[in-house]
Every structure is written in structure tokens, then in C-alpha cells.
Amino acid sequence: MGEPPAGQIRAASAPGRWVVLTTVLGSAMAMVDSTVVNVALPRIGKDLGTDLAALQWTVTAYMLTLAGLILLGGALGDRYGRRRVFVVGVVWFAAASLLCGVAPNAVVLIASRALQGVGGALLTPGSLALIQASFHPDDRARAVGLWSGFGGVGAAIGPFVGGWLVDGPGWRWVFLINVPVAVICVPVALRHVPESRDPHAHGRFDVLGAVLGALALALVTYALIEAPGQGASAAVIGAAVGGVLLGVTFVQVERRRANPMLPPSVFESRQFTAVNIVTLCVYAALGGYFFLSAIQLQVVAGYSALGAGTALLPTTVLMLLFSASSGELGQRIGPRIPLTVGPLLAAAGMLLMLRVGPGDASVSAYVQHVLPAVAVLGLGLVTLVAPLTATVLSSVDTARAGLASGINNAAARAAGLIAVAALPLLAGMGPEAYRDAGEFAETFRRAMPMCAGLMVLGSVIAWATVRTPPAARKGTARPECTVHCGFAAPPLEPARDEDGDPGRA
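Residues numbered from 1 in each chain as written. Predicted model: local features only at pLDDT ≥ 70, side-chain atom pairs only at ≥ 80, totals over all residues. Heavy atoms only, no water.

A. Structural context of the layout of surface pockets. Roughly 790 Å³ of volume is contained in the second largest pocket. Along the walls of the second largest pocket sit 26 residues, with Phe-250, Leu-262, Phe-267, Ala-411 and Ala-414 positioned nearest its centre. Only helix 2 (52-80), helix 8 (207-230), helix 9 (234-256), helix 10 (270-300) and helix 15 (401-427) provide two or more residues apiece to the lining of the second largest pocket. The element that contributes the greatest number of residues to the lining of the second largest pocket is helix 15, accounting for 6 residues. Of the residues assigned to the lining of the second largest pocket, the class counts are 19 nonpolar, 5 polar and 2 charged. (1 Å grid on protein atoms, 1.4 Å probe; cavity = no way out; pocket = protein on both sides within 12 Å on 5 of 7 lines; lining within 4 Å. Points joined across faces, edges and corners; volume = space filled by probe spheres on them. Helix = DSSP H or I, 4+ residues; strand = E, 2+ residues; numbered from the N terminus. Nonpolar A, V, L, I, M, F, W, Y, C, P; charged D, E, K, R; others polar.)

B. Geometry of the nonpolar core. Formed by 127 residues in total, the largest nonpolar core has its most connected members in Leu-286, Leu-292, Leu-297, Met-350 and Phe-440. Here this core takes 17 residues from helix 10, the largest share from any one element. Counting residues in hydrophobic clusters, the runner-up holds 6 residues, among them Ala-61, Ile-110, Ile-225 and Ala-421. (Core = buried A, V, L, I, M, F, W, Y, C linked by side-chain atoms within 4.5 Å. Buried < 20%, exposed > 50% of the residue type's maximum accessible area, 1.4 Å probe, protein only.)

C. Structural detail: helix 4 (residues 106-134). Between its terminal C-alpha atoms helix 4 stretches 41 Å, which fits the 42 Å expected from 29 residues at 1.5 Å a residue. Of all the bends in helix 4, the largest measures some 30 degrees and sits at Ser-127. Sitting at the amino-terminal end of helix 4 is Asn-105, which places a side-chain oxygen 3.2 Å from the backbone nitrogen of Val-107. (Expected span 1.5 Å × (residues − 1). Bend = angle between axes of the 7 residues up to and from the residue. Polar contact = N/O pair within 3.5 Å; in protein donor to acceptor, adjacent residues only side chain to side chain.)

D. The arrangement of the pattern of salt bridges in detail. Applying the stated criterion to the full structure yields 4 salt bridges. Ionic pairing is found between Asp-167 and Arg-43, a salt bridge with its closest N-O pair at 3.1 Å. Placement of the pair is Asp-167 in helix 5 (residues 140-167) and Arg-43 in helix 1 (residues 14-48), with a sequence separation of 124 residues. Relative accessible area serves as the criterion here: at 32%, Asp-167 is assigned to the partly exposed category. With relative accessibility at 29%, the residue Arg-43 sits in the partly exposed group. The residue Glu-442 makes a salt bridge to Arg-445 at a minimum N-O spacing of 2.7 Å. Of this pair, Glu-442 and Arg-445 both sit in helix 16 (residues 437-465), 3 residues apart, roughly one helical turn. (Salt bridge = Lys/Arg side-chain N within 4 Å of Asp/Glu carboxyl O.)

Okay, structure coming up:
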């Protein structure tokens, strides 16, 4: 249709602006939707008459399929065309969002959220890959900057928009708003984004590994979420044992397959392994923190959904403004200090949230109690997220940087998934805790030190294991300064060459 071919689009041209618009719209669907769901949880529970376990599943069902399938989604795009898989993901995500918006009960909502995660696993890897594969090499950095900047703005306003929707037309519009976005995104992608694929990609996909990994996470999640209500029942114990056994089987399968989804050899880098352990600690803490804090602000402090979403904005705004500078600082002084200090600051912010109690919805109470907590947490995330991204990418060979980023992305999401499932159990939250301000406040006071403890553990591990690489690589993509599923997003993929292959740009 007269559009420049892949790898030749200039950032300042009209085709370049169309490509940026398309990828921002697509990634914003997955990003903003999951950001605002936490804010909508109390209203969803009230309208559908659900218990706390159903609210946990509303969050974890999405993260479960997304974490389990995101590496497979990236491989499908490389093989069958990144634009094609991206468009399929957008359509899939919008259709699942429509199902969420009309769900008559919690069971349908949870199943639809799982389907949303499948769509997210298809469109999320393709968003940045399309940017890297479409633009001329001289303009890629600028295009990534535009993509990251607009994405960050979208994430920053997401909780505000979500709260307005929940308090206004209703929580269902948190999901339904994705449909018109997809209606704009798909035609633009088909008309203006050139197709690209990896000519060296083969048609062999580790479907078995993806299924085993997802099932292992699903069974463990089921055991953790259902244990408070069912106790040590046969179903809970069986799910826990089955999840562990499937996890062991997954590791063994990946070690033996010729083309595994999760190559064990990548963990031969001690630095890469250490940083992923830090990632697990940090994102587990963040997943639990944002899930519980959104409820605490509404059920205990008395905020509206809009007020709760707005109250948490400073964390995202600080990341949006200062993550790039933090990345530059990390390059100068090395990752050890930022990855040690950042989690400690974040832990302090989480502990400061313990000051939030009944009647703290006034402006003065916000300034005294909530703002210091979210600001200190934001400073912690600013300090650690960008250096974490850079260290992940520099700890493996350049040719495997895309794989390394994808693994770290999946690890972050899986950590948040397990935290949302486990924290209410560990804190002693009953099935109806979110309906009782006193009970929820008491269990929240037990949960926040656990989240802070995970952050401190991550800090200790970083100090003990992370070292500055002998030849730190430059030119990696800037981390996404956004929030996903209520917690800071994991790192993006690195720059790719004209065919989209990682590490050869």
C-alpha cells in the first residue's frame, strides 16, 4: 500500500507516527487494564457477591496465563509474523475484555480474565518488537523513547481513569473500554505497520513446556487461594502436591528438550541467576503490596475508587520522571548499590503504609500518611527498576538478551501471581475480610511487614551476589516506567535488528 518496508520507517514520518500509535494503543490495553483492576476489586466483590478468594482469582487468573505463555507468544511472533500475532492478540484481548464486562458472575469473570492473559501474552512481546523491526536503525532509539514515554503517561493516568469509571458508569467499563481501543488499533496496524518476522526462526515451539509451567502455577495458586476457606482438604493438598510435581517435571522437560522455552543454559550466568532471584523477591512484594493497598485505601481508609487510584499515582509519576536518570546513574556506579538501596527504600515505603487507618481519606490525612508512603516507595522503584533491567541484559551474551529479558519478565509476573495468592493466607485473612474494615486493617498490618521483608531479602541477595559486569553493554532499551497489574513493570526486550532478531542491532 505504498508504506516503507520494515526496517526503513523514519520516526518523524507519518508512517512512523502510525506505528508508534498502534503499538502504544495495543500495549496500553494490557497495561492500563490490569493497572485499574486492583482499584475496582471492592466494587466487583460487592456487585457480584464474592468472597476474597474470588477477588484474588480475578487478579491471578490474568497473571497466570500471561506469565505462562508470554515466552511462547514472542516465539510465535518471530515465526509467523509479529504484526499478525500482535493483531490476533489485540482482537483476543478485546473479545475477552467484552466477556469480562458482561460477566454475570465471578466464575465467568475469572475465566474471561484468564482469556485476557492469553491475549496479553500474544500482544505484549510484539509491541516493542514491532517498533524495533519497523524503524530505520538510526531512529530506533527515538521510536523506543516515544513508545516508552506515551506508555508511561498511559500508565500514570490509568488508575485515575479506572477510579473514575468505577465510581461513574461502573466497574464493567474498566474492561469494556478496551473494545473501542481495539477497534482503532487493529485497522491502523493492518494499514500502516509493515509485517516482519525472524527468517531464522523454526516452527518448533515448546508447547509442552508452556503447558506444564502454566499448570504448575495454576495448581499452586489454587492451593494457596483456597486454603483459607477449605483448610487442609484433599483438594488443597492434592493441588499443592500436583503443582510441585508438575514444576519438577517442567524443569526436567526443559533440560531434555532440543528447543526449550526456558533453556537451562542461560542460568549458567551466576549474575543472571542472582538478578532473577532479586526480581522474584521484589515483584512478589510489589504484587502483594498493590493488591492489598488498593483495598486498604477503600475499605479501611474510606477512599472512593477514584480517590484510591489517584492516591497511588505519585509512585508511577516518580518512575515516569526519573527512571531514565536512574538508569544512567546505574551505568556509572554499577548495579550493586542501586539494587541494594532501592529495595530498602521500597520496604520503608511499605512499612509507612501501616500508618494509614480509618478516616484517613481527608486531604490532610493523605498528606501526612499516604503520600509519604507512596513517595518513598516510588523513590525505591526509581532506584532499582532501571538498573535491574540493565543488569539482566548485560549478564548474558548479547545474542541471548531478548531471551533473558523475556525470562525476567515472566519471573516478575509469576512472582506477583504467587504473592497475591499467598499473602492473604499468610496474613490470616478470612474469605470475608475485605467486607470488614476492622478485620482487613488487622490483617493488612500483618501483611505489609511480609512484603517489606521480601524487599529486604532482595536487597541482601543483591548486595551479596550482584557485581558490575566487566564490560557493561550500552544501548539497551530503556525500561518501561509503568505499572502493570498494580506493580512496576518488568524490563522490556532489547533492541533488535532489521529482522527483529535480538542482540544484533
